[in-house]
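# Structure assessment
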Amino acid sequence: MSRAAPCYAVLDFETSGLSPAVGSRVTEVAVVLWQDGRELDSYQSLMNAGVRVPAEIERLTGISNAMLRTAPPAATVMREVADFVGNIPLVAHNAAFDRKFWDHELSLLGRQRQQDFACTLLLARRLLPQAPDHKLGTLTRWAGLPDAGRAHRALADARMAAHLLQYLLETASRKHGARSLSHQQLCQLQKVSASKVGDFFRQSA
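Report follows, based on the coordinates. (Residues numbered from 1 in each chain as written. Predicted model: local features only at pLDDT ≥ 70, side-chain atom pairs only at ≥ 80, totals over all residues. Heavy atoms only, no water.)

So, about the pattern of salt bridges. Summed over the entire model, instances satisfying the criterion amount to six salt bridges. With a shortest N-O distance of 2.8 Å, arginine 25 and glutamate 105 are connected by a salt bridge. Within this pair, whereas arginine 25 is found in the loop between strand S1 (7–15) and strand S2 (26–35), its partner glutamate 105 is found in helix H4 (residues 95–108), the two being separated by 80 residues in sequence. The exposure classification of arginine 25 matches that of glutamate 105, with both residues buried. A salt bridge links aspartate 199 to arginine 202, with the shortest nitrogen-to-oxygen separation between them at 2.5 Å. With aspartate 199 and arginine 202 both in helix H9 (residues 197–204) and three residues apart, this pair spans about one turn of that helix. Aspartate 199 gets classed as partly exposed once you look at its relative accessible area, which sits at 28%. (Salt bridge = Lys/Arg side-chain N within 4 Å of Asp/Glu carboxyl O. Helix = DSSP H or I, 4+ residues; strand = E, 2+ residues; numbered from the N terminus. Buried < 20%, exposed > 50% of the residue type's maximum accessible area, 1.4 Å probe, protein only.)

So, in structure tokens, the structure goes:
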């Protein structure tokens, strides 16, 4: 009997700036539940955290201050999305960015993350060293993955990251014979130096 493929919660934030340490907050969140090459469910919402979006961020994302004024309160959205994710393993592209906002927004609710983040950016650097660069848009075009919509909107980026995750899993299977990688193994692989990737898969066999 084959083992069921794991389910992943692929997350993306749009924010008012680069870090909660300097007062930046989340303006939009999306999560795609992804299992065995397909989307099971999704969650997306703008959120009003009471911060102003700088003009350059508005141009990048298309998320305006007027849109945020009518959005649900940040606390409401974060409770909903945290309950939607539950304990499902987390994935994000450039997860270091999303992780600090996820942890900060949860901390404002008195909640704490229980699971690690696997990072498709770090995994792509290990598994796709030949790619021109490892930005999400570049990898999506380079690998011929589905165009999920406008970049720098949370749901489109989460879907692109989910398709990239699937491509990375298939690459690991094709190139290294890894027919099934757990979330824990993905988190381990992303910390391995590029020169040791072959050793990692041989030891994991």
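Let's shift gears to helix H7 (residues 154–176). Taking 1.5 Å of rise per residue, 23 residues should cover 33 Å, and H7 covers 32 Å from first to last C-alpha, within 8% of that figure. Positive phi shows up at glycine 177, right after H7, with a value of about 70 degrees. (Expected span 1.5 Å × (residues − 1).)

Computed from the structure, the largest pocket encloses a volume of approximately 700 Å³. Along the wall of the largest pocket there are 27 residues; nearest its centre are Asp12, Glu14, Leu60, His152 and Asp157. Elements supplying a minimum of two residues to the lining of the largest pocket: S1, helix H1 (55–61), H4, helix H6 (136–142) and H7. Taken together, the residues of the lining of the largest pocket sort by class into 10 nonpolar, 10 polar and seven charged. (1 Å grid on protein atoms, 1.4 Å probe; cavity = no way out; pocket = protein on both sides within 12 Å on 5 of 7 lines; lining within 4 Å. Points joined across faces, edges and corners; volume = space filled by probe spheres on them. Nonpolar A, V, L, I, M, F, W, Y, C, P; charged D, E, K, R; others polar.)

Let us look at the pairing of strand S3 (residues 38–46). Two strands pair when backbone bridges link them, and S2 and S3 are joined in this way by eight bridges, in the antiparallel orientation. In the sheet register, leucine 33 faces S3, and the bridge partner there is aspartate 41. Between S2 and S3, which pair antiparallel one after the other, the connecting turn spans two residues, and aspartate 36 there sits at a positive phi close to 55 degrees. (Pairing = 2+ DSSP bridges.)

Attention shifts here to the packing of helix H3 (residues 74–85) against H4. Direction vectors running N to C along H3 and H4 enclose 115 degrees, while the axes themselves pass 10 Å from each other. Judged by the inter-axis angle, H3 sits roughly perpendicular to H4. The element H3 and its partner H4 pack so that their crossing is left-handed. Contact residues: Met78, Val81, Ala82 and Val85 in H3; Trp102, Glu105 and Leu106 in H4. Here the contact of H3 with H4 is built from residues that sort into six nonpolar, no polar and one charged. (Axes fitted to C-alpha atoms, helices over the stretch in contact; angles between N-to-C directions. Parallel < 35°, antiparallel > 145°, perpendicular 65-115°, else oblique. Left-handed = near helix turned anticlockwise from the far one by under 90°. Contact = heavy atoms within 4.5 Å.)

Function-wise, these values are silent; they only describe arrangement.
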